[in-house]
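# Overview (structure and organization)
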Amino acid sequence: MSIVINNIGLLVTNDPSIGTDELGQIRNAAIVICGDQIAWVGPSAEAPPADHQSDMAGACVIPGFVDSHSHPVFAGDRSDEFDARMNGQKYQAGGILRTVRRTREAPMGFLAAVMTGILDEMARSGTTTVEAKTGYGLDVETEVKLARVASSHTDEVTFLGAHVVAPECQPDEYVRLVCGEMLHAVRPYVRWIDVFCETGAFDPDQTLEILRAGKEAGLGLRLHAAQLGRSEVIPQACELGLASIDHCTFLSDEDIDALKATNTVATLLPAAEFSTKQPYPDARRLLDAGVTVALATDCNPGTAFTSSMPFCLAIAVREMGMTPEQALWSATAGGATALHRDDVGVVKPGARADLVSLAAPSWLHLMYRPGVPLIDRVCKAGRFLQ
Ligand code: NIG
Ligand code: FE
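Cut-off values and rules
Residues numbered from 1 in each chain as written. Chains lettered and ligands numbered in written order. Predicted model: local features only at pLDDT ≥ 70, side-chain atom pairs only at ≥ 80, totals over all residues. Heavy atoms only, no water. Helix = DSSP H or I, 4+ residues; strand = E, 2+ residues; numbered from the N terminus. Rg over C-alpha atoms; globule rule 2.2 N^0.38 Å. Buried < 20%, exposed > 50% of the residue type's maximum accessible area, 1.4 Å probe, protein only. Contact = heavy atoms within 4.5 Å. Areas by Shrake-Rupley, 256 points an atom, 1.4 Å probe, with all protein chains shown as cover. Lys, Arg positive; Asp, Glu negative; His and termini not counted. Charge placed at Lys NZ, Arg CZ, Asp CG, Glu CD. Near = heavy atom within 4 Å. Polar contact = N/O pair within 3.5 Å; in protein donor to acceptor, adjacent residues only side chain to side chain. Nonpolar A, V, L, I, M, F, W, Y, C, P; charged D, E, K, R; others polar. Donors = N, O, S within 2.8 Å, 3.2 Å for Na, K, Ca; no water. Axes fitted to C-alpha atoms, helices over the stretch in contact; angles between N-to-C directions. Parallel < 35°, antiparallel > 145°, perpendicular 65-115°, else oblique. Left-handed = near helix turned anticlockwise from the far one by under 90°. Salt bridge = Lys/Arg side-chain N within 4 Å of Asp/Glu carboxyl O.

### A word on the overall build of the protein
Across its full length, the protein carries 13 helices and 16 strands. In terms of C-alpha radius of gyration, the protein reaches 20 Å, essentially the compact-globule figure of 21 Å for 386 residues. Dimensions of the protein, computed from the C-alpha atoms along their principal axes, are close to 65 × 45 × 45 Å. Buried positions account for 59% of the 386 residues belonging to the protein. For the protein, restricting intrachain contacts to residue pairs at least 6 apart in sequence, the fraction spanning at least 24 positions comes to 70%. Summed over all atoms, the accessible surface of the protein reaches about 15,200 Å², with 49% contributed by carbon and sulfur. The distance from the centre of the 31 positive side-chain charges to the centre of the 48 negative ones in the protein is 3 Å.

### As for the site of ligand 1
Near ligand 1 you find 15 residues, and of these Arg78, Tyr136, His163, Gln227 and Thr303 are the closest. One nitrogen or oxygen atom from the side chain of histidine 71 is found 3.3 Å from an oxygen atom belonging to ligand 1. The side chain of tyrosine 91 places a nitrogen or oxygen atom 2.9 Å from an oxygen atom of ligand 1. Contact with the protein chains hides 100% of the accessible area of ligand 1, taken as 330 Å² for the molecule alone. Among the residues making up the shell around ligand 1, the classes are represented as 4 nonpolar, 9 polar and 2 charged.

### Brief notes about the coordination of the iron ion (ligand 2)
For the iron ion (ligand 2), the full set of protein donor atoms is His69 (NE2), His71 (NE2), His224 (NE2) and Asp298 (OD), and the range of their distances to it is 2.1 to 2.2 Å. Spacing between the donor residues of the iron ion (ligand 2) along the chain follows H-x1-H-x152-H-x73-D. On the criterion of sequence distance, the pair formed by histidine 71 in the loop between strand E6 (65-67) and helix H1 (79-86) and histidine 224 in strand E10 (residues 220-225) is long-range, its members being 153 residues apart. Classification of histidine 224 as buried rests on a relative accessible area of 3%.

### As for the packing of helix H3 (residues 108-124) against helix H4 (residues 140-151)
It is at 10 Å that the axes of H3 and H4 come closest, and there the two elements cross at 45 degrees. The pairing of H3 with H4 is recorded here as oblique in orientation. In this structure, H3 crosses over H4, and the sense of that crossing is right-handed. Counting all contacts with H3, which are made through Met108, Leu111, Ala112 and Met115, the residues of H4 involved are Lys145, Leu146, Arg148, Val149 and Ala150. Partitioning the contact of H3 with H4 into residue classes produces 7 nonpolar, no polar and 2 charged.

### Describing the pattern of salt bridges
By the definition in use, this model includes 13 salt bridges. Taking the shortest distance from any N to any O, the salt bridge between aspartate 253 and arginine 285 comes out at 2.9 Å. Taken together, the positions of aspartate 253 in helix H8 (residues 253-261) and arginine 285 in helix H10 (residues 283-288) put the pair 32 residues apart, joining distant regions of the chain. A relative accessible area of 54% means that aspartate 253 is categorised as exposed. Judged by relative accessible area, which is 30%, arginine 285 ranks as partly exposed. Salt bridges sharing partners connect three or more residues here, namely Arg78, Asp80, Glu81 and Arg98.

Function cannot be read off these values alone, since they describe shape.
In structure tokens form, the structure reads like this:
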């Protein structure tokens, strides 16, 4: 079955071979969808016939957001920690263990319902591809449970057994568990492995050991680093072949050179800095150095309990030195690059039909009108969600 979506006032394709800018924009455009894929993109007047028609009435259409970093499988509420921070307390990664306790007690059906709720919110905010991490189990049984729940919603599941050391383990013993039995048990459900490398979580040696074990098991590599302070691990980790380093607030020039030299994406997570009152990462410095930047929510109950990519876009342009064009690219094609995907974050023949229409004449309104619900219709893999 084919459908022609016509009368698109302004279309962002992220295909630089279309139009004159990086966003590959066209006015008065049409798209033909066949099944779950895009079959044709071009001027409305030249659209080929299709079985069905959908009229966008001049709306602006963008690729669905690619949220390449989230922690959406957990139980329990930590709004009290947010309250404490807004009353002057500093963020401490130790709060992770509160979520671990609640998550271990939760039945699988409850965890699945939490994730479904967050994914519904994300879809309503225009997100059509989601990466989801484990990391609130920290024992074999619960990490497998989280990986299974996540894998029933997305292909982009990341094993984050190395979030912090499990409370019942010594650090060395826990690193052995993560690299051995736990990694083996979650392997069927996950595509990526991630480590939280920070004081209070894992040190550079432990981080490299865990990443090497993941690589040996055939997983792609991701890393949380330089969130709360400088990280000594970045150049060596980049050499291992990371898809992305996430947070990237406290980077040395050498770290930036390593990101650039190895084509590692820097994924910036402004909602975390918003909620922890940490400084925002300097996107301008990374972009000027030629590093690929992605934007993602980091949706999690401790440091960033938002599912909204438009919220992240607004912060990125206001506080991080990104132009609106760069921010939109980073939240769509940038996220796809961080996940090594060429079928999402872009509107071109052969890509998955993931589209968002806006109740606004231009995507610029996403940042110009922060907090306003401008996401109108969302099409994921060729199906309109509402
Ligand atoms: O990405 N940095 C590590 N993990 C999460 C925080 C998790 C939590 O506090 O529960 C993050 O910010
Ligand atoms: Fe995170």
